[in-house]
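Analysis of the macromolecular model
The residues making up each chain are set out below.
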Amino acid sequence: MFRIVFVFDVYNHNAVHAQGGDRRMYRPVHESSLICTTSDPVEIVRSLRPAEVYIADLNRLQGQGVPDINFDVIRGVSDQTNVMLDAGISSFEDIMSVMDLADHLVMGTETASLDTISKVASQYPSRVNVSIDKKDGVILSSDPSMPRDPLEIVEVLNGLDINDVIFLDMDMVGTSAGFDAQFLSQIADVCEHDVLLGGGVRGLEDIDQLEDIGIKGVLVATALHNGSIPVTMLQ
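Residues numbered from 1 in each chain as written. Predicted model: local features only at pLDDT ≥ 70, side-chain atom pairs only at ≥ 80, totals over all residues. Heavy atoms only, no water.

**Description of helix H1 (residues 41-48)**
For H1, the set of buried residues is Pro41, Val42, Ile44, Val45 and Leu48. Relative to the axis of H1, the buried residues are bounded by an arc of 160 degrees and lie together on one face. Where the residues of H1 are buried, they touch strand S1 (3-11), strand S2 (14-17), strand S4 (52-57) and helix H3 (71-78). Capping of H1 at its N-terminal end is provided by aspartate 40; its side-chain oxygen lies 2.9 Å from the backbone amide nitrogen of valine 42. Of the residues trailing H1, arginine 49 is marked for its positive phi of about 55 degrees. (Buried < 20%, exposed > 50% of the residue type's maximum accessible area, 1.4 Å probe, protein only. Helix = DSSP H or I, 4+ residues; strand = E, 2+ residues; numbered from the N terminus. Arc of directions from axis to C-beta. Contact = heavy atoms within 4.5 Å. Polar contact = N/O pair within 3.5 Å; in protein donor to acceptor, adjacent residues only side chain to side chain.)

**Concerning the packing of helix H6 (residues 150-157) against helix H7 (residues 181-190)**
Where H6 meets H7, the axes come as close as 9 Å, and the angle between the chain directions of the two elements is 20 degrees. With respect to H7, the element H6 is oriented roughly parallel. As H6 runs across H7, the sense of the crossing is right-handed. Contacts between H6 and H7 involve Pro150, Leu151, Val154 and Glu155 from the first element and Phe183, Gln186, Ile187 and Val190 from the second. (Axes fitted to C-alpha atoms, helices over the stretch in contact; angles between N-to-C directions. Parallel < 35°, antiparallel > 145°, perpendicular 65-115°, else oblique. Left-handed = near helix turned anticlockwise from the far one by under 90°.)

**A look at the pattern of salt bridges**
Taken as a whole and judged by the stated rule, the model has six salt bridges. Salt-bridge contacts for glutamate 31 lead to arginine 27; the nearest nitrogen and oxygen are separated by 3.0 Å. Here glutamate 31 falls in the partly exposed class, since its relative accessible area comes to 47%. Residue lysine 119 pairs with aspartate 115 through a salt bridge whose shortest N-O separation is 3.2 Å. Note that lysine 119 and aspartate 115 are positioned in helix H5 (residues 114-123) at a spacing of four residues, about one turn of the helix. One connected set of salt bridges, linked through shared partners, spans Arg3, Glu52 and Asp164. (Salt bridge = Lys/Arg side-chain N within 4 Å of Asp/Glu carboxyl O.)

**Some points on the pairing of strand S11 (residues 217-220)**
Alternating positions in S11 separate into two faces, Gly217 and Leu219 on one and Val218 and Val220 on the other, with burial throughout. Two elements, strand S10 (residues 194-198) and S11, share three bridges in a ladder whose sense is parallel. Its bridge partner being in S11, glycine 198 is matched across the sheet by leucine 219. Taken together, S10, helix H8 (residues 204-212) and S11 form a β-α-β motif whose crossover is right-handed. (Pairing = 2+ DSSP bridges. Right-handed = clockwise from strand over helix to strand, strands pointing away.)

**Comments concerning H3**
Each turn of an α-helix holds 3.6 residues, which means side chains three or four residues apart point in the same direction. All buried positions along H3 are accounted for by Phe71, Val73, Ile74, Gly76 and Val77. In this fold, the buried residues of H3 make contact with S1, H1, S4, helix H2 (58-62), strand S5 (82-86) and helix H4 (92-98).

**Some details on the side chain of serine 131**
The topology assignment puts serine 131 in strand S7 (residues 128-135). Taking relative accessible area as the criterion, serine 131 reaches 1% and is therefore assigned buried. At a separation of 2.5 Å, a polar atom in the side chain of serine 131 contacts the side chain of aspartate 133. Excluding anything up to four places from it in sequence, serine 131 contacts Val106, Met107, Gly108, Thr109, Ile166 and Leu168.

**Some thoughts on a negative patch on the surface**
A cluster of acidic side chains, namely Glu205, Asp208, Glu211 and Asp212, defines a negative patch on the protein surface. Here aspartate 212 is to be found in helix H8. (Patch = residues over 30% accessible without salt bridge, like charges linked within 9 Å, V, L, I, M, F, W, Y side chains within 5 Å. Areas by Shrake-Rupley, 256 points an atom, 1.4 Å probe, with all protein chains shown as cover. Lys, Arg positive; Asp, Glu negative; His and termini not counted. Charge placed at Lys NZ, Arg CZ, Asp CG, Glu CD.)

The structure is reproduced here in structure tokens:
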């Protein structure tokens, strides 16, 4: 079954709407959403009843505020649905404070090295989703051993006991600008884990096309907030 994963970024307890990867410009979701009358993540999930949620803890990702500022909100969401959490994990030690917050932890190339991803996957098999983060046409990483070719990263991840692989094109987040179907088809062909796409999904036709090329799910916010994808597909 094709997975529609509801996405929101949490900043200072509020769900904010991502647009183009410029986190300074994110605004509370209720200001522009057709489906949310609040920006309280717990209330949003209670109302919409999504089967899966992806949460990015922007405070931790940006190093702003106390590290656990959003933990109560994340726990409140986890009590109601399945959660994958990106808490900006960059070291093995970071895992200990966030492991009990979500069903799966997202480790992104933006913050985590391949060595750290490998160690965490070994210690916590099938609890980790790995996000291949792309912005301005290049893979985001400070790890000198990280391949610059996403297909090479996927081949490395094939040898790890992880859950999903997320291809996150940050330039496309919140833009409804589409995606490179030929490239994603290559990713899906090479990857031995389920591949999820984040960024650029416009509506139901895109979902049909992605399913046809082997992508197993999408991380979606904008197309839900503007009504292009019906809320019922989340449930």
